[in-house]
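Listed below, chain by chain, are the residues.
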Number of protein chains: 4
Amino acid sequence: MSGNTIGKLFTVTTFGESHGPALGGIVDGCPPGLALAEADLQHDLDRRRPGQSRHTTQRREPDKVRILSGVFEGLTTGTPIGLLIENEDQRSKDYASIADRFRPGHADYTYHMKYGFRDYRGGGRSSARETAVRVAAGGIAKKYLRERLGVEIRGYLAQLGPIRLDPVDWNAIDDNPFFCPDPARVPELEAYMDALRKEGDSIGARVNVVATGVPPGLGEPIFDRLDAELAYALMSINAVKGVEIGAGFGCVEAKGSVFRDEMTPEGFLGNSAGGILGGISSGQDIVASIALKPTSSLRIPARTVNIRGESVEVVTTGRHDPCVGIRATPIAEAMMAIVLMDHYLRHRGQNQDVVRTLDPIPPSAF
Amino acid sequence: MSGNTIGKLFTVTTFGESHGPALGGIVDGCPPGLALAEADLQHDLDRRRPGQSRHTTQRREPDKVRILSGVFEGLTTGTPIGLLIENEDQRSKDYASIADRFRPGHADYTYHMKYGFRDYRGGGRSSARETAVRVAAGGIAKKYLRERLGVEIRGYLAQLGPIRLDPVDWNAIDDNPFFCPDPARVPELEAYMDALRKEGDSIGARVNVVATGVPPGLGEPIFDRLDAELAYALMSINAVKGVEIGAGFGCVEAKGSVFRDEMTPEGFLGNSAGGILGGISSGQDIVASIALKPTSSLRIPARTVNIRGESVEVVTTGRHDPCVGIRATPIAEAMMAIVLMDHYLRHRGQNQDVVRTLDPIPPSAF
Amino acid sequence: MSGNTIGKLFTVTTFGESHGPALGGIVDGCPPGLALAEADLQHDLDRRRPGQSRHTTQRREPDKVRILSGVFEGLTTGTPIGLLIENEDQRSKDYASIADRFRPGHADYTYHMKYGFRDYRGGGRSSARETAVRVAAGGIAKKYLRERLGVEIRGYLAQLGPIRLDPVDWNAIDDNPFFCPDPARVPELEAYMDALRKEGDSIGARVNVVATGVPPGLGEPIFDRLDAELAYALMSINAVKGVEIGAGFGCVEAKGSVFRDEMTPEGFLGNSAGGILGGISSGQDIVASIALKPTSSLRIPARTVNIRGESVEVVTTGRHDPCVGIRATPIAEAMMAIVLMDHYLRHRGQNQDVVRTLDPIPPSAF
Amino acid sequence: MSGNTIGKLFTVTTFGESHGPALGGIVDGCPPGLALAEADLQHDLDRRRPGQSRHTTQRREPDKVRILSGVFEGLTTGTPIGLLIENEDQRSKDYASIADRFRPGHADYTYHMKYGFRDYRGGGRSSARETAVRVAAGGIAKKYLRERLGVEIRGYLAQLGPIRLDPVDWNAIDDNPFFCPDPARVPELEAYMDALRKEGDSIGARVNVVATGVPPGLGEPIFDRLDAELAYALMSINAVKGVEIGAGFGCVEAKGSVFRDEMTPEGFLGNSAGGILGGISSGQDIVASIALKPTSSLRIPARTVNIRGESVEVVTTGRHDPCVGIRATPIAEAMMAIVLMDHYLRHRGQNQDVVRTLDPIPPSAF
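Residues numbered from 1 in each chain as written. Chains lettered and ligands numbered in written order. Predicted model: local features only at pLDDT ≥ 70, side-chain atom pairs only at ≥ 80, totals over all residues. Heavy atoms only, no water.

## What about the overall build of chain A?
Scanning chain A from terminus to terminus reveals seven helices and 18 strands. A compact globule built from 366 residues should have a C-alpha radius of gyration of about 21 Å, and chain A, at 21 Å, falls within 12% of that. Along the longest, intermediate and shortest principal axes, the C-alpha atoms of chain A span 65 × 50 × 40 Å. Per-residue burial over chain A gives 70% buried out of 366 residues. Counting contacts in chain A only where the partners sit at least 6 residues apart, residues at least 24 apart contribute 72% of the total. Of the accessible surface of chain A, which amounts to about 10200 Å², a share of 50% is contributed by carbon and sulfur atoms. Taken together, the 42 basic and 46 acidic charged side chains of chain A have centroids lying 5 Å from each other. (Helix = DSSP H or I, 4+ residues; strand = E, 2+ residues; numbered from the N terminus. Rg over C-alpha atoms; globule rule 2.2 N^0.38 Å. Buried < 20%, exposed > 50% of the residue type's maximum accessible area, 1.4 Å probe, protein only. Contact = heavy atoms within 4.5 Å. Areas by Shrake-Rupley, 256 points an atom, 1.4 Å probe, with all protein chains shown as cover. Lys, Arg positive; Asp, Glu negative; His and termini not counted. Charge placed at Lys NZ, Arg CZ, Asp CG, Glu CD.)

In structure tokens:
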């Protein structure tokens, strides 16, 4: 299938550009009978929405999603769900200055080389604005997983530049504009971002996502392993440069005698594996971590070339997130939800008639 | 598609277990007219082959691949290429002791929970033995990419436990059993591995893979980005827990003014991006890095449960790699080759008629 | 992929119900640089549009399509093209009487059994109203194929009930509401339909579709043969019960010495094969024929069951086409265009570097 | 996916040429726990096998299938099943005379134009020999469907040239070399075929396939309708030029009041629809019919061109079936089985949690 579809049984296909009339998508394969209304999706859209604090882009978009099909009398029908989000606050003229030159670190040059030309307004299709549809689609998966399987998917900002955020208070995350899990550190983040904005610079970030309550058995080895598909889905988020499952790169220096998560009837004795063994969920928490690069769109001038190959300078004056990682939490949650949903349906398609000899081991005995 | 196929236009589907009669696969979508013989694939199979030094498993497999179709008078015909590798040195009785219990950190438990039972001999389908077929299939992609596009794909061991291997001498890599890029460090690796083997323990590793000569334009946003598909393909390798593109997690603490790779007519001024912008290759080197966990199959006893859910101890006496990362280099190269090949065909399918206004910028001006 | 996507490289995914707010779709994989405007798609939408004569349903829909993405400054960008068609003339209350009972010969019962309940308004997702999006999407394929390859795709009504329409005047087809290729027979068709409408009954039809100018080489054996994919695409049209390629069922009584289309340097000496040999286009006209059943929605009462399994009677009073075959011509053309477009891209993806030793044989020497 | 894979959850990928060392395939997605041995597949392979009567090709192939993976201790494991069938009776020199010229009505010309050259020995990949793997793979689906769902899939020769075979005695079909359902007509078929062989000519045929016991609900509208996928699968069989579901082309002259299959609590009052409504199975018998063209490989000389485009004559002296339809019955059954199996898994993947308000209506009250 062409590149704008994710999933095999539960599929999400999206369209839309940063400065076109609308974004949208089609969610195909959602089981029938799920209670679903636009309001169910709005909460996560609002979490991702720009312009909610001084630390993110000042573009003002209501990001109101419309459900155009696939729901009848409040329930999903099993047919495709059409989603539409109108763009309202485009300022395309902001981009006239970059029409003929490539912003370094952006998709400008590669889109031009791939397609011969590009929609330069706000990055066109390569803009992270497209992720609004992912969040809406992921909201459907999240709702199904929560209501039918008891799966919760939650993320948080784990690191912003040099600031590592450690103790996780799940209740605090939505109470600050950073998805920071430690309320005591919010002033530190604010001070850092204010200074950064003055410099005209940007910074990277790390976001963690955790799914609890995932039943064992999800994932299709050899290639469509659950971890491989999560890596695909998370790496497809704009600006992501790395994906870890469980201990991730921490495993490089680890010894097997320590790293392997021993098992007892009372539960696993560790979760280095991040809930996935052999590409299949173990019933432990699914834990993933992503690295998001600093945006390249800066007031600070940069050397680049134009569409005629000449050396020029570029300065970006549009509205941008100085740390794209800040708004990435709901997007990462959505992508994990889409993957888990797809694999849940695929798993029960192939293995519905399996009779297990064993109750699942509890996620954790520690 | 079910889980044992990778790719859309250039597809690889594999079958086979560690202790079954044979492994095999089907490569579909290879362009016609490529000169291809079994000997072309044997070199990488030999690089991956077990039993070549005391530092890897002592299982002795010739890993001779047979091409059963798709080649006529020495040239690929455009029809599917059937590959077959016989298993010769199975010692299934080694595994009788684990038939009823789950090795921690392995796929034993998850396969059992997914499918209701499992082929316990040598890990069955979850064994890394399956990667022999990937290496053979990847060899076809590598040959096409090299001969038709001038693309070279090479990997090396970047870190083994605490030992980081830095200066890369491409010519040294195949001259030692570790794929170590720095010949001066080989004795250190040997000493480390000998000590580890005495302990009965295992260790993690990091492997880097680099593709040079990749034309700009490969990758299909939004989901099938080149980096997303590389993450999927590399994470699907047994024991991989993390994938980075370019600077990877190094981007978290980086500022945009430094991280963005500025451009000049003479070339890019950096490659933090690892050769991929907006999910599309830029013409720079494609750089990926993976973390491989230490194997969990150890002589050191571990707590676990059996198929009746009872607490038991497990000791693994089969033949295992104390560092699965050592033999991972040709596998990682193969997976990168398969992804690049697929994306090359997809790109020219959609964009063959694009007329570019610009010659590609050289990969690097530094 | 779930069931609402067709194609591999050029893909079309649709959503929408008969009485929902809108229909829509996403065309992914269209090459960049194609001049495209909404007006380009409107012509075929108007040909399919209901309410244009007394012989089709009296529902009044302007079927105005909006292009929401994928086009910039009048050219396709290579990114997904979002399409939207608002529903304007729903009369959902017409359907209250069938909410609890299944119309025989309709999807009512099977949707209910598959999904547990159904959107009964106008057939919901199973309504042929959905084909409006196919026609819009097919229009993009048609335009590309015509402008870049010189391929023309045209259909006509070949039979309406007992009336067979033989000599094909391509110029006459769009000048009557039946897509009848023989203008002299139009009054006969009108009389037949008027009588039928009085009876309250419906009738079947046969539609033929022909593509000229198709280059040899399109189609991917063994399964994704061009004829197999055409059969899939054409059988997916509502009410279609049979698909033929070339001579179709006429081959059953044919002898090989007559049926095989001999070849000379001046051209093929026949086209029994309908332009496809071994699943691959031969350069001759692609010829397909489909059978469309009579609609089951009639004023004439029928025995059926309700959602509680009780015996009831059903009468359909909504607005329906007494011969669904009449409006099927542009839909069949669209489906053929989508398949040819997808196979053209797939073919050049895999075989772009093939050097042929032979000029194509002309389509026909007779 | 490239063209040699069929299915989404239950997938079959094949490889192999007529005169290569072996044919084979991979069945991915088979549920675990199915008792499976090579002997289970051999029965249908023997039904398809050449050389069993004087009315089919005299090539002698034992067609012994080996299962190379995916089965452990007699049960499928849920992992891919590797299948291998060695070619034993190749006489490639028979084909030297056609190496440089294209047999009319064959894939010779189209393969040459698509791929630039071809494996001319016995038709290479385009040979119907490839269908042996389909029959083996279909045997797995058949066994699952029979044992788990009570579905029976059976076919028969419905017409051979002018001879129509009507009353169906299911017990007689396997007792004659024609799959003729009426034992009284077998001498007539033998006489017809003997005369035909003397002429050196070939003849077309029609084969019907029927599945009983299929539960309602299988099929994924809009595109992946059950009838659309059956049309795809059946049209992909070599020599097939037409596919009908239920009444097929008989619907063209039918009126809706007669054609619609009315329903009562005691069952459907007809099956014009062939068991599929709106692309979804209704619980009635799935009925399909295919037209197979006469083979073009004849002793009778034909005009053609050679690979340099010159006018030449061709005579085929290899071993061929004078009526390819005769051996097509088990192939058609296999393809229907593969499609039903895939759709059964897809359906339960998406709709496992549907609670139906209604017991299925019996297939037929007549």
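## Re the sheet that holds strand E3 (residues 22-28) of chain C
Residues and elements named next belong to chain C. With antiparallel pairing, the five strands of this open sheet are ordered in space as E1-E2-E3-E7-E4. Strands with a single pairing partner mark the edges of an open sheet, and in this sheet they are strand E1 (5-6) and strand E4 (65-67). Pairing analysis gives two bridges linking E1 to strand E2 (residues 11-15), with the strands arranged antiparallel. What sits directly across from threonine 5, in E2, is threonine 13. Running at roughly 155° to E4, helix H1 (residues 38-48) makes contact with E4 and strand E7 (81-86) of the sheet. (Pairing = 2+ DSSP bridges. Axes fitted to C-alpha atoms, helices over the stretch in contact; angles between N-to-C directions.)

## Considering the sheet that holds strand E1 (residues 5-6) of chain D
Residues and elements named next belong to chain D. The antiparallel open sheet is built from five strands, whose spatial order is E1-E2-E3-E7-E4. The open sheet terminates on both sides in strands that have one partner only, identified here as E1 and strand E4 (65-67). In this structure, strand E3 (residues 22-28) lies alongside strand E7 (residues 81-86), joined through six bridges in antiparallel fashion. Within E7, the residue paired with glycine 25 across the bridge is leucine 83.

## Topic: helix H5 (residues 226-235) of chain D
Burial analysis of H5(D) places 10 of its 10 residues in the buried class, the great majority of the element. Of the residues making up H5(D), those classed as buried are Leu226(D), Asp227(D), Ala228(D), Glu229(D), Leu230(D), Ala231(D), Tyr232(D), Ala233(D), Leu234(D) and Met235(D).

## Regarding the relation of the copies chain A and chain B
Of the two same-sequence chains, chain A is brought onto chain B (RMSD 0.0 Å, axial shift 0.0 Å) by a rotation of 180°. Both copies of the chain, as the preceding transformation shows, are related through a two-fold rotation axis. For chain A, the residue whose C-alpha comes nearest the rotation axis is Tyr232(A), separated from it by 2.3 Å. Of the interface residues in chain A, 100% have counterparts in chain B that sit at the interface too, so the contact is made through matching surfaces. (Least-squares fit on C-alpha atoms with pLDDT ≥ 70 in both.)

## Brief notes about the packing of helix H3 (residues 131-149) of chain B against helix H7 (residues 328-351) of chain B
Residues and elements named next belong to chain B. Interaxial distance between H3 and H7 falls to 7 Å at its minimum, and their mutual angle equals 50°. Between H3 and H7, the crossing angle belongs to the class labelled oblique. In the crossing of H3 with H7, the sense of the turn from one axis to the other is left-handed. Only Pro330, Ile331, Glu333, Ala334, Met335, Ala337, Ile338, Leu340, Met341, Tyr344 and Arg348 of H7 make contact with H3, whose side of the interface consists of Thr131, Arg134, Val135, Ala137, Gly138, Ala141, Lys142, Tyr144, Leu145 and Leu149. Residue composition of the contact of H3 with H7, grouped by class: 15 nonpolar, two polar and four charged. (Parallel < 35°, antiparallel > 145°, perpendicular 65-115°, else oblique. Left-handed = near helix turned anticlockwise from the far one by under 90°. Nonpolar A, V, L, I, M, F, W, Y, C, P; charged D, E, K, R; others polar.)

## Comments concerning the interface of chain A and chain B
Each partner contributes to the interface: chain A provides 122 residues, whereas chain B provides 122 residues. Carbon and sulfur atoms supply 61% of the area that chain A and chain B bury against each other, a total of about 9500 Å² over both sides. Put simply, chain A and chain B have eight salt bridges between them. In this structure, Glu220(A) and Lys114(B) form a salt bridge, with 3.0 Å as the shortest nitrogen-oxygen distance. (Buried area = accessible area lost by both parts, 1.4 Å probe. Salt bridge = Lys/Arg side-chain N within 4 Å of Asp/Glu carboxyl O.)

## Some words on the interface of chain B and chain C
Taken together, the contact pairs 17 residues of chain B with 17 residues of chain C. The junction of chain B with chain C conceals about 1500 Å² of combined surface from both sides, 48% of it contributed by carbon and sulfur atoms. Summed over the shared surface of chain B and chain C, the number is four salt bridges. Asp353(B) serves as the salt-bridge partner of Arg348(C), at 3.3 Å between the closest nitrogen and oxygen. Our count for the contact surface shared by chain B and chain C stands at 14 residue pairs in polar contact (both at pLDDT 80 or more). Secondary-structure elements contributing two or more residues to the side of chain B that touches chain C are H3 and H7 of chain B. In terms of residues, the side of chain B that touches chain C owes the most to one element, H7(B), which gives six residues. Looking at side-chain class alone, the side of chain B that touches chain C contains seven nonpolar, six polar and four charged residues. (Polar contact = N/O pair within 3.5 Å; in protein donor to acceptor, adjacent residues only side chain to side chain.)

## Topic: the pairing of strand E11 (residues 240-245) of chain A
Where burial is concerned, most of E11(A) is hidden: six out of the six residues are buried. Bridging between E11(A) and strand E16 (residues 286-292) of chain A involves five bridges; their strand directions are antiparallel. Counted as the bridge partner of Val243(A) is Ile290(A) from E16(A). Where E11(A) lies against strand E11 (residues 240-245) of chain B, three bridges are found, and the strand directions are antiparallel. Bridge pairing in E11(B) links Gly242(A) to Glu244(B).

## Focus: the side chain of Thr304(A)
If you trace the backbone, Thr304(A) turns up in strand E17 (residues 302-305). For Thr304(A), a relative accessible area of 0% puts it in the buried group. Excluding residues that lie within four positions of it along the chain, Thr304(A) makes contacts with Phe102(A), Pro104(A), Glu310(A), Ser311(A), Val312(A), Glu313(A), Val314(A) and Met263(B).

## Observations regarding the UniProt feature "binding site: NADP(+)" (unreviewed entry) in chain A
All names here are of chain A. As annotated by UniProt and renumbered to match this structure, "binding site: NADP(+)" (unreviewed entry) occupies Arg48 and Arg54. Of note, arginine 48 is situated in helix H1 (residues 38-48). Exposure remark for arginine 48: the relative accessible area of 2% places this residue in the buried category. When residues no more than four places from it in sequence are discounted, the contact partners of arginine 48 are Asp63, Ala128, Arg129, Thr131, Ala132, Val135, Arg327, Pro330 and Ile331. Within polar-contact distance, the side chain of arginine 54 engages the side chain of aspartate 194 at 2.9 Å. (UniProt positions renumbered as here; feature names shortened; annotations may be inferred.)

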